[in-house]
There are 4 protein chains.
Amino acid sequence: MSAPLAPELAVSRWFNTPVPLTLADLRGRVVMLHAFQMLCPGCVSHGTPQAQRAHMLFRHTDLTVIGLHTVFEHHAAMTPVSLEAFIHEYRLTFPIGVDAYEGDDPIPVTMRRFRMRGTPTAIVIGRDGAIRHEGFGQEEDLALGALIGTLLAEKP
Amino acid sequence: MSAPLAPELAVSRWFNTPVPLTLADLRGRVVMLHAFQMLCPGCVSHGTPQAQRAHMLFRHTDLTVIGLHTVFEHHAAMTPVSLEAFIHEYRLTFPIGVDAYEGDDPIPVTMRRFRMRGTPTAIVIGRDGAIRHEGFGQEEDLALGALIGTLLAEKP
Amino acid sequence: MSAPLAPELAVSRWFNTPVPLTLADLRGRVVMLHAFQMLCPGCVSHGTPQAQRAHMLFRHTDLTVIGLHTVFEHHAAMTPVSLEAFIHEYRLTFPIGVDAYEGDDPIPVTMRRFRMRGTPTAIVIGRDGAIRHEGFGQEEDLALGALIGTLLAEKP
Amino acid sequence: MSAPLAPELAVSRWFNTPVPLTLADLRGRVVMLHAFQMLCPGCVSHGTPQAQRAHMLFRHTDLTVIGLHTVFEHHAAMTPVSLEAFIHEYRLTFPIGVDAYEGDDPIPVTMRRFRMRGTPTAIVIGRDGAIRHEGFGQEEDLALGALIGTLLAEKP
């Protein structure tokens, strides 16, 4: 396998999950990471509803959908308090983590580790923990579904 | 004219306008009020873009479009700081006021004065200052356009 | 009034009306003409549903919505038999006329009289019979509604 | 494999392919059949554009997308002449066959063989020729993509 191994998540607070999630614990499953900001129009209109659809559609499979709130601008406007209301109002039910900060860096840790270029970013990780897709901007449902179907079909 | 006269706005802070707006000063013009909350999904997907379209389409007419941020829930999540980022990210250019509070009432003042039932609410006021339409929820563009056209056609 | 007077319709067959319609008979009313072809994608996805919406929304007003099937290409593919099935399947209820032909001209008569450039074309005619708007392509609902509202507000 | 083997296509005329297609010849590939009628609103707005998207997205894979014009009503309105114009106007580029008739039966042969309930119907056939999915009505892109991805991942 030549794809790079996904770095670990760094999350300061979780929503919609009783326990913190780590990619290490999810090894053997397929993981879809949806990195977003609650005030990013392309996330709200396209990426976040798509993540919710994937969470519902594949809930009885080996796919885990994880939202990551990667705030790299307007930090005071998108605090966890605001995010919590956003999650409630948009009825999001998949696990969502707040990307952690380190020192004074306005770019959060996981965002840097994955070298994301902005939001929304969709990352799909195979059962072996390797990054199989990383896309900035809108993803077509048909292409995303095909990728997930392909990775789920691989032997655990 | 039997329609009730619109009560005055009570706004604690304005965006996108160098001077505060009052309905008294706008008498003689047609006014469209778009009451919204930045975390209300129906506002973000429908009502707020519609207000922006109306602002652009009628900018050379006697119509004034005013946004009113009527936060009645999740107050800590929708502060003016968050609203400012929302306005920037969604590229809204029409004047937007933050509905003011009085005492401990979680329902802001203008919202109470107009007896609004929730967000989004669209209110259209004639040149004479009377409320000619107040609707909670989605408004069809065709119907809203017709109403504005009719009111603009009335003699100042 | 400096706007040009609308030429008369030339229709070979009507659907959704017990009697033929003429602009002469409709003088005093506002008329919205929706010129379309049943195999024109922009008509089917936007213009024709918009005409149906206008027909329903303004059915208790002085507006008459008229569809005009102005076939200028693929004539054998868009016969009245096919149009009838189209009207049935898309549940169109406004009056629709088949634009008439003259000699060998592939461009039908009404289309030529109005100098239409293609489909969809939206034409709005005032109470005085003058053309107040003629637009090729997509019309915004908000702008169309405003125009209709303005013309309905004019004294008959 | 317990899924039923797909019956063969019965097509009287092909568009967008230099040679007739048969499922027998396509054994070893994954096949998506999109059964539609050109005057079926749900086909035109959803199913047919989805088939075109799948054709484009998977064109370098082992998936073959086939359209099937299964006219079971308004026969005189949806002749091959009309279909040809439809294909041209909607810029469809995937192979499309006209489902054949037998005797006086208004239901065409392939439609009967697959026991389709109406249009649109999406059928997905595995590399082994077995029907792996048959759905009447709208299919979600995400689910369809996942199914195609899964079947493409199976060994030829």
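Here, every reference points to the structure presented above.
Description of the structure in this document. Keep in mind that what you see is a predicted model, and the values were worked out from it rather than measured. (Residues numbered from 1 in each chain as written. Chains lettered and ligands numbered in written order. Predicted model: local features only at pLDDT ≥ 70, side-chain atom pairs only at ≥ 80, totals over all residues. Heavy atoms only, no water.)

Some thoughts on the interface of chain B and chain A
Here comes step 1: In this assembly, 16 residues from chain B lie in contact with 16 residues from chain A.
Here comes step 2: Counting the surface lost from both chain B and chain A, the interface buries some 1,300 Å², and carbon and sulfur atoms represent 66% of this.
Here comes step 3: Run the count over chain B and chain A and you get four residue pairs in polar contact (both at pLDDT 80 or more).
Here comes step 4: Per-element tally for the side of chain B that touches chain A: the top contributor is helix α2 (residues 80–89) of chain B, with six residues.
Here comes step 5: Among the residues forming the side of chain B that touches chain A, the class breakdown is eleven nonpolar, three polar and two charged. (Contact = heavy atoms within 4.5 Å. Buried area = accessible area lost by both parts, 1.4 Å probe. Polar contact = N/O pair within 3.5 Å; in protein donor to acceptor, adjacent residues only side chain to side chain. Helix = DSSP H or I, 4+ residues; strand = E, 2+ residues; numbered from the N terminus. Nonpolar A, V, L, I, M, F, W, Y, C, P; charged D, E, K, R; others polar.)

Side note on the sheet that holds strand β4 (residues 96–99) of chain D
Residue and element names in this part refer to chain D.
Here comes step 1: Strand order in the open sheet made by the six strands is β1-β4-β3-β2-β5-β6, with mixed pairing throughout. Since the sheet does not close on itself, it has two edges, and those belong to β1 (11–15) and β6 (131–136), each with one partner. Averaged over all pairs of adjacent strands, the angle between their axes in this sheet comes to 20°, without regard to strand direction.
Here comes step 2: Summarising the sheet, strand β5 (residues 121–125) and β6 pair through five bridges and their orientation is antiparallel. Bridging from a neighbouring strand, Ile123 pairs with Glu134 of β6.
Here comes step 3: Seen against the sheet, helix α2 (residues 41–57) touches β2 (30–36) and β3 (63–69) and runs at an angle of roughly 160° to β2.
Here comes step 4: Across the face of the sheet, helix α3 (residues 80–89) comes into contact with β1, β2, β3 and β4 while running at roughly 25° to β1. (Pairing = 2+ DSSP bridges. Axes fitted to C-alpha atoms, helices over the stretch in contact; angles between N-to-C directions.)

As for the relation of the copies chain B and chain A
Here comes step 1: Aligned on chain A, chain B shows an RMSD of 0.0 Å; the corresponding rotation is 180° and the shift along the axis is 0.0 Å. Interpreted geometrically, this transformation is the action of a two-fold axis. The rotation axis passes nearest to the C-alpha of Ser45 of chain B in chain B, at a distance of 3.7 Å.
Here comes step 2: Same-surface contact between copies: 100% of interface residues of chain B are shared with the interface of chain A. (Least-squares fit on C-alpha atoms with pLDDT ≥ 70 in both.)

So, the pairing of β4 of chain D
All names here are of chain D.
Here comes step 1: Burial along β4 is two-sided: Ile96 and Val98 and Gly97 and Asp99, pointing in opposite directions, are all buried.
Here comes step 2: Here four bridges tie β1 to β4, and the two strands are oriented antiparallel to one another. Within the sheet, the bridge partner assigned to Phe15 lies in β4 and is Ile96.
Here comes step 3: Of the pairings in the sheet, the one linking β3 to β4 comprises three bridges and is parallel in character. Note on β4: the bridge partner recorded for Gly67 is Ile96.
Here comes step 4: Between the parallel elements β3 and β4, the chain passes through α3 in a crossover that is right-handed. (Buried < 20%, exposed > 50% of the residue type's maximum accessible area, 1.4 Å probe, protein only. Right-handed = clockwise from strand over helix to strand, strands pointing away.)

Describing the relation of the copies chain B and chain C
Here comes step 1: Turning chain B through 180° and shifting it by 0.0 Å along the axis lays it on chain C, with an RMSD of 0.0 Å.
Here comes step 2: Take the interface residues of chain B: 100% of them recur as interface residues in chain C, which is what a same-surface contact looks like.

Remarks on the interface of chain B and chain C
Here comes step 1: Each side of the interface is counted separately: chain B has 15 residues, and chain C has 15 residues.
Here comes step 2: Here chain B packs against chain C, burying approximately 1,100 Å² in sum over the two surfaces, 79% of which is carbon and sulfur.
Here comes step 3: A per-residue breakdown of the area chain B buries against chain C is headed by Leu57, Asp141 and Leu142 of chain B, which together make up 45% of the total.
Here comes step 4: Along the contact surface separating chain B from chain C lie zero salt bridges.
Here comes step 5: The element that contributes the greatest number of residues to the side of chain B that touches chain C is helix α4 (residues 141–153) of chain B, accounting for nine residues. (Salt bridge = Lys/Arg side-chain N within 4 Å of Asp/Glu carboxyl O.)

Thoughts on the nonpolar core
Here comes step 1: Formed by 65 residues in total, the largest nonpolar core has its most connected members in Leu83 of chain C together with Leu83 and Phe86 of chain D.
Here comes step 2: Beyond its immediate sequence surroundings of up to four residues, Leu83 of chain C is in contact with Phe15, Phe36, Met38, His69, Ile96 and Val98 of chain C.
Here comes step 3: Leu39 of chain A together with Val30, Phe86 and Ile148 of chain B belong to the second-largest nonpolar core, a separate cluster that totals 64 residues. (Core = buried A, V, L, I, M, F, W, Y, C linked by side-chain atoms within 4.5 Å.)

Topic: the packing of aromatic side chains
Here comes step 1: Within the structure shown, the criterion is met by eight aromatic pairs over all chains.
Here comes step 2: Counting every residue linked through ring pairs, the aromatic cluster contains Phe36, Phe86 and Tyr90 of chain A. (Phe/Tyr/Trp six-rings, centres within 6.5 Å; stacked < 30°, edge-to-face > 60°.)

A short note on the sheet that holds strand β6 (residues 131–136) of chain C
All names here are of chain C.
Here comes step 1: If you trace the six strands from one edge of the open sheet to the other, you get β1-β4-β3-β2-β5-β6, paired in mixed fashion. The strands lining the two open edges of the sheet, one partner per strand, are β1 (11–15) and β6. Averaged over neighbouring strand pairs, the angle between their axes works out to 20° when direction is ignored.
Here comes step 2: Packing against the sheet, helix α3 (residues 80–89) makes contact with β1, β2 (30–36), β3 (63–69) and β4 (96–99), and its axis sits at approximately 25° to β1.

Some words on the environment of Val31 of chain C
All names here are of chain C.
Here comes step 1: Tracing the sequence through the fold places Val31 in strand β2.
Here comes step 2: A relative accessible area of 2% places Val31 in the buried class.
Here comes step 3: If near-sequence neighbours (up to four positions away) are discounted, Val31 is found in contact with Leu23, Leu26, Leu63, Thr64, Ile66, Ile123, Val124 and Ile125.

Brief notes about helix α5 (residues 141–153) of chain C
Here comes step 1: Helix length check: α5 of chain C, at 13 residues, gives a terminal C-alpha distance of 18 Å against a target of 18 Å (1.5 Å per residue), a fit within 8%.
Here comes step 2: What α5 of chain C keeps buried is the set Asp141, Leu142, Leu144, Gly145, Ala146, Ile148, Gly149, Leu151 and Leu152 of chain C. (Expected span 1.5 Å × (residues − 1).)

Some words on the pairing of strand β2 (residues 30–36) of chain A
Residues and elements named next belong to chain A.
Here comes step 1: Of all seven residues in β2, seven are buried, a share of seventy percent or more.
Here comes step 2: Here β2 shows no split at all, with Val30, Met32, His34 and Phe36 on one side and Val31, Leu33 and Ala35 on the other all buried.
Here comes step 3: Here seven bridges tie β2 to strand β3 (residues 63–69), and the two strands are oriented parallel to one another. The residue bridging Ala35 from the neighbouring strand is Leu68, located in β3.
Here comes step 4: Where the polypeptide runs from β2 across helix α2 (residues 41–57) and back to β3, its parallel neighbour, the crossover connection is right-handed.
Here comes step 5: Here β2 runs beside strand β5 (residues 121–125); their pairing, made up of five bridges, is antiparallel. Residue pairing across strands places His34 opposite Ala122, the latter belonging to β5.

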